[in-house]
Amino acid sequence: MELKTRMQSFGLSKAPKEVDDKATKTDQPNNKPEETFAPLSFKILSPVELEFKKSIHSKLLDILDLSQISGIEEKEARKQIRAVVHKLIDDEAIPLNTQTRQQIIKAIEDDVLGLGPLEDLLYDPTISDILVNGYKKVYVERFGKLELTPIRFIDDNHLMKIIDRIVSRVGRRIDESSPMVDARLQDGSRVNVIIPPLAIDGPSLSIRRFATDKMTLGDLVEKDALTDYMADFLKGAAKSKLNILISGGTGSGKTTMLNAISNFIPKNERIITLEDSAELQLPHVLRLETRPANIEGKGEVSLRDLVRNSLRMRPDRIVIGEVRSGEAFDMLQAMNTGHEGSLTTVHANNARDALARIENMVSMAGLEMPAKAIRKQIASAIHLIIQMSRLEDGSRRVVSVQEVEGMEGEIITLSEIFKYNRLGVDEKGVVLGQYCSTGLIPVCVANMKQRGLMTDMAIFTHNLD
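Being a predicted model, the structure only gives us computed values, none of them experimental.

What counts, and at which threshold
- Note that residues are indexed from 1 along each chain, following the sequence as it is written.
- Residues qualify for local features only when their pLDDT is at least 70, as the model is predicted, and side-chain atom pairs are given and counted only at 80 or more; totals for whole chains, interfaces and linings, by contrast, use all residues.
- For side-chain calculations, the full set of non-hydrogen atoms in the structure is used, while hydrogens and water are omitted.
- To qualify as a helix, a DSSP run of H or I must reach at least 4 residues; to qualify as a strand, a run of E must reach at least 2; elements of each kind are numbered from the N terminus.
- A 1.4 Å probe rolled over the protein chains alone gives each residue an accessible area, and that area as a share of the maximum for its type sets the label: buried under 20%, exposed over 50%, partly exposed in between.
- Any two residues whose heavy atoms approach within 4.5 Å are treated as being in contact.
- The accessible surface values rely on the Shrake-Rupley method and a 1.4 Å probe; as for residues, cover is taken only from the protein chains in view.
- Strand pairing requires that DSSP identify at least two bridges connecting the strands.
- For helices, the fitted line uses only the C-alpha atoms of the stretch in contact; every axis is such a line through C-alpha atoms, and the angle between N-to-C directions lies from 0 to 180 degrees.
- In what follows, salt bridge is the name for a side-chain nitrogen of Lys or Arg lying within 4 Å of a carboxyl oxygen of Asp or Glu.
- Think of pLDDT as the predictor's per-residue confidence, scored from 0 to 100.
- The labels follow the angle: roughly parallel below 35 degrees, roughly antiparallel above 145, roughly perpendicular from 65 to 115, and oblique for the rest.
- Note on convention: the crossing is left-handed when the near helix lies turned anticlockwise from the far helix by less than a right angle, right-handed when the turn is clockwise.
- Note on residue classes: Ala, Val, Leu, Ile, Met, Phe, Trp, Tyr, Cys and Pro are nonpolar, Asp, Glu, Lys and Arg are charged, and everything else, Gly too, is polar.
- Aromatic contacts are taken between Phe, Tyr and Trp rings whose centres are within 6.5 Å, Trp giving its six-membered ring; a plane angle under 30 degrees counts as stacked, one over 60 as edge-to-face, and the others as tilted.

Student: Residue-level account of the overall build of the protein, with values.
Tutor: In terms of regular secondary structure, the protein is built from 15 helices and 15 strands. The proportion of buried residues among the 465 residues of the protein is 51%. Considering only intrachain contacts with a sequence separation of at least 6, the fraction spanning at least 24 residues in the protein is 60%. Accessible surface for the protein amounts to roughly 21900 Å². Of this, 50% is attributable to carbon and sulfur atoms.

Student: Tell me about the sheet that holds strand S1 (residues 127-133), and name the residues and values.
Tutor: Reading across the sheet, the six strands line up as S3-S2-S1-S6-S5-S4 and stay open at both edges, with antiparallel pairing between neighbours. Two strands close off the open sheet at either side, each with one partner strand: strand S3 (145-148) and strand S4 (180-184). Across the sheet, the mean angle from the axis of one strand to that of its neighbour is 15°, orientation sign disregarded.

Student: Summarise the pattern of salt bridges; cite the residues concerned and give the values.
Tutor: Applying the stated criterion across every chain, the model contains 22 salt bridges. Here Glu119 makes a salt bridge to Arg78, at a shortest N to O gap of 4.0 Å. Here Glu119, found in helix H6 (residues 119-122), pairs with Arg78, found in helix H4 (residues 74-92); they are 41 residues apart in sequence, far enough to count as distant. The same class applies to Glu119 and to Arg78, which are both buried. Glu322 is the salt-bridge partner of Arg324, the closest N and O atoms lying 3.2 Å from each other.

Student: Any details on the pairing of S1? Residues and values, ideally.
Tutor: Within S1, five of the seven residues are buried, which leaves it mostly tucked inside the rest of the structure. As paired elements, S1 and strand S2 (residues 138-142) share five bridges and run antiparallel to each other. Within S2, the residue paired with Ile127 across the bridge is Arg142. Between the antiparallel neighbours S1 and S2 lie four residues, among them Gly134 with a positive phi of about 80°.

Student: For the confidence of the model for the protein, give the residues involved together with the corresponding values.
Tutor: Mean pLDDT over the protein: 83, with 88% of residues reaching 70 or higher. Across residues 12-29 the pLDDT falls below 50, and counting only partners more than four positions away or on other chains, this stretch makes 52 contacts in the model. For residues 31-35, every residue scores under 50 in pLDDT, and the model assigns this stretch eleven contacts once sequence neighbours within four places are set aside.

Student: I'd like to hear about the environment of Ala365, residue by residue, with values.
Tutor: Positionally, Ala365 belongs in the loop between helix H13 (351-363) and helix H14 (371-381). Those residues within four positions of Ala365 in sequence are excluded, and the remaining contacts are Arg304, Gly326 and Phe329.

Student: Give me the lowdown on helix H10 (residues 254-262), citing residues and values where you can.
Tutor: The buried count for H10 comes to eight of nine residues, which makes it a mostly enclosed element. Where H10 is concerned, the buried positions are Lys254, Thr256, Met257, Leu258, Asn259, Ala260, Ile261 and Ser262.

Student: Residue-level account of the sheet that holds strand S12 (residues 384-390), with values.
Tutor: If you walk across this open sheet you meet the nine strands as S9-S8-S10-S11-S7-S12-S13-S14-S15, and the pairing is mixed. For this open sheet the edge positions go to strand S9 (285-289) and strand S15 (431-437), each flanked by a neighbour on one side alone. Across the sheet, the axes of successive neighbouring strands diverge by a mean angle of 25°, strand direction being ignored. With five bridges joining them, strand S7 (residues 244-248) and strand S11 (residues 343-347) adopt parallel strand pairing. Each residue of the ladder has a partner; that of Leu245, found in S11, is Thr344. Seen against the sheet, helix H11 (residues 303-310) touches strand S8 (271-275), S9 and strand S10 (317-320) and runs at an angle of roughly 170° to S8.

Student: Give a description of unusual backbone geometry that names residues and reports values.
Tutor: Cis geometry marks the peptide bond from Pro196 to Pro197, where omega comes out at 10°. Within the secondary structure layout, Pro197 lies in the loop between strand S5 (190-194) and strand S6 (204-208). Phi angles above zero are rare outside glycine, and Arg314 is one such case at about 55°. Within the secondary structure, Arg314 sits in the loop between H11 and S10.

Student: Describe the packing of helix H12 (residues 327-336) against H14, listing the residues and the values that go with them.
Tutor: The geometry of H12 relative to H14 is characterised by a closest axis approach of 9 Å and an angle of 50° between their N-to-C directions. The angle between H12 and H14 falls in the class oblique. The element H12 and its partner H14 pack so that their crossing is left-handed. Here Leu332, Gln333, Met335 and Asn336 of H12 come into contact with H14, specifically with Gln377, Ile378, Ser380 and Ala381. For the contact of H12 with H14, a count of residues per class yields four nonpolar, four polar and no charged.

Student: Account for the packing of aromatic side chains, naming residues and giving values.
Tutor: Centre distance and the angle of the planes are the two values used to describe a pair of aromatic rings. With the rule as written, the count across this model stands at five aromatic pairs. Each ring, one from Tyr229 and one from Phe418, has its centre 5.6 Å from the other, and the planes form 50°; the classification is tilted. Taken together, the positions of Tyr229 in helix H9 (residues 228-239) and Phe418 in strand S14 (residues 411-425) put the pair 189 residues apart, joining distant regions of the chain. Phe418 matches Tyr229 in its accessibility class, with the two residues each being buried. Ring geometry for Tyr420 against Tyr435: centres 4.8 Å apart, planes inclined by 55°, an arrangement best described as tilted.

Student: Lay out the pairing of S15 in plain terms, naming residues and giving numbers.
Tutor: Successive side chains on a regular strand alternate, one facing one side of the sheet and the next facing the other. S15 sits mainly inside the fold: seven of its seven residues count as buried. Both faces of S15 are covered, namely the face carrying Val431, Gly433, Tyr435 and Ser437 and the face carrying Leu432, Gln434 and Cys436.

Student: How would you summarise the packing of H13 against H14 if you had to cite specific residues and measurements?
Tutor: Between H13 and H14, the shortest axis-to-axis distance is 10 Å and the interhelical angle comes to 120°. In terms of their interaxial angle, H13 and H14 are classed as oblique. Regarding H13 and H14, the two cross each other, and that crossing is right-handed. Counting all contacts with H13, which are made through Leu355, Ile358, Glu359, Val362 and Ser363, the residues of H14 involved are Ala371, Ile374, Arg375 and Ile378. Within the contact of H13 with H14, the residues separate by chemical class into six nonpolar, one polar and two charged.

Structural data, given as structure tokens:
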């Protein structure tokens, strides 16, 4: 996906800006003119043209040995299919204009070798998610909002053929005995499939597009996902080896923020990333990915297994794409035993909920530990929590940056450093708000100063006045 269009999903554009160590400008309310985007446009085959395409496709399968086609390069395979389909259309002697003929040929190529009707969506840089709810409904997310497309599959069998092609390429299977699958496309896009009997209304397919260009903190500042002085602080936090937890809901920009912060990890450090589906784009990194069990239920490699193994690989920092279960305990152990500067993400609505989720996940590791002991581990391991949120206008923002101060009795204490104050919604549905500092000086500043990374304390005294 192109960087410019990916940035549009984070908010409305403004003049480009570089993030530096001296940017301390007070923000004004987010009240910008509405930006308009071109709607999706597709040339859809008519019912008569679809029937003709189906007939040609059936004849192609009778003529062509697809087992041999699958063994050659896609470009050459498409060339051979194109030649055969051209001849079949000519033999039918049905009058078709050039555009319709080319559209039918491409649709058949995509059905045989690609993802059928979804193929065009994969090359649209404005689309971040593709969501198929049965064969009749295909939604996409563009610029942070969902929209229904006119794209349709012929029937459930047509959709299942495309699903089978996706999962078979990564050595998986999907059927009634195994009706849920996580997979990945060749470009790295994440795929989730669920079929009947679990999916009542027919097969469901979700594709989270893989971003080939990594957004920087400067890009996020340009999109008002945070301010320049907040970005400077996070830059210093990464360089001074603070352990950072990025929290937020689905599609709130957690992974994008993690990638952006990772830009400031020194290049002489050894980083190991651990993910269920590899999508992080960190420099100078060793990437590890989990593996599901095979058909016999054997061979699974969990995220917890990877965390344990990574500790034997001499990492300077460990980056976990997302903690979901008992691996949270091993992550805390790593953060507390010399692997400073580690980063991870978690699904939670606010910083306090994020800590509660981490506590619950540690309990899932099967260890008999009292709650206070778990909280002490969390309080000593995690230094900063960045809360991401996806607002109703489609924009994604950092709504809070909080420091974990330690324990007070049996409670983990937090202090908020920066926050986003909502002021309302304008007549066009755009959320109005303003970033500000709370006036609290974080404890971690002493660490940054020792490393020569904090020069301007004024960034902690910005307010709404």
